[in-house]
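# Close look at the chain arrangement
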Amino acid sequence: MENINIKSMDFEIPSDVLEQIQQNIEDIIRNFDIPDANKTDVIKKINFMYSSTIHMSVTDPLTKLYNRRHFESNFEREYMRAKRYNSPLSLAIVDIDFFKKFNDTNGHSCGDYVLRELAYNMLQNFRQTDMVFRYGGEEFAVILTETPAETAVVPLERLRKLVENYNFKFRGQDLKVTVSIGVSSNTEFETPWEMFDDADKALYESKKNGRNRVSSAG
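Summary of the structure given here. Being a predicted model, the structure only gives us computed values, none of them experimental. (Residues numbered from 1 in each chain as written. Predicted model: local features only at pLDDT ≥ 70, side-chain atom pairs only at ≥ 80, totals over all residues. Heavy atoms only, no water.)

## Observations concerning the pairing of strand S1 (residues 89–96)
In terms of residue burial, S1 counts as a mostly covered element, since eight of its eight residues are buried. Alignment of S1 against strand S6 (residues 179–184), held across six bridges, turns out to be antiparallel. Counted as the bridge partner of valine 94 is isoleucine 181 from S6. (Buried < 20%, exposed > 50% of the residue type's maximum accessible area, 1.4 Å probe, protein only. Helix = DSSP H or I, 4+ residues; strand = E, 2+ residues; numbered from the N terminus. Pairing = 2+ DSSP bridges.)

## Some points on helix H5 (residues 108–125)
For H5, which comprises 18 residues, the first-to-last C-alpha distance of 26 Å matches the rise-based estimate of 26 Å (1.5 Å per residue) to within 8%. Regarding H5, the residues found buried are Cys110, Gly111, Tyr113, Val114, Leu115, Glu117, Leu118, Ala119, Asn121, Met122 and Asn125. (Expected span 1.5 Å × (residues − 1).)

## Some thoughts on the sheet that holds strand S2 (residues 131–136)
The five strands lie next to each other as S2-S3-S1-S6-S7, forming an open sheet whose pairing is mixed. Strands at the two margins of the open sheet, each flanked by one partner only, are S2 and strand S7 (214–216). Averaged over all pairs of adjacent strands, the angle between strand axes in this sheet comes to 20°, irrespective of strand direction. Pairing geometry for S2 and strand S3 (residues 139–145), over five bridges, is antiparallel. When the sheet's bridge partners are listed, valine 132 is paired in S3 with valine 142. The strands touched by helix H6 (residues 149–165) are S1, S3, S6 and S7; relative to S6, the strand with the most contacts, the crossing angle is about 170°. This element, helix H7 (residues 192–208), spans S1, S2, S3, S6 and S7 of the sheet and lies at about 145° to S6. (Axes fitted to C-alpha atoms, helices over the stretch in contact; angles between N-to-C directions. Contact = heavy atoms within 4.5 Å.)

Dropping the structure here:
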């Protein structure tokens, strides 16, 4: 029989299927010929393992933020909801300026430190209703729900200043860290990924105009 490397398989089991699998396992355990107290203990452990697995599948291990896969599913949902109910929505892409120099000058441990500290500051800066993700590398994405363009700029500018003035210190050495940000609030596109590209173009404008700034699309 051919060996299958599960780790190399790139697919995602829908959450409703996973929940059905979990329920089936619980039903099987309840039919075991063992004391009820033992059944309850086994079910609790399985539920914990299930919850931990789900959490790990949507979380970036370094920053503990939601990962790119979770961003894509949530962004599509929020975009479609905004179009359906004609409600405001903003998307921001945050990029660390000259990030490569932290790895090249002080090693990858320094780069990891900068990523973790920025992730912490981003979580502190935004509302609980906003969603923060590590999109990949030194790029982060923020979904600002129920937020029009003029309102979205306020927390993004606050984040920019917070990072610029934050005391990044790695092994006794002070680090100067800044971020460039692009934001789009246009939900008139046919797909959410056109809005994503719109925010990405705004990010490019921030970088082209000197970095360490917030630029709005349009």
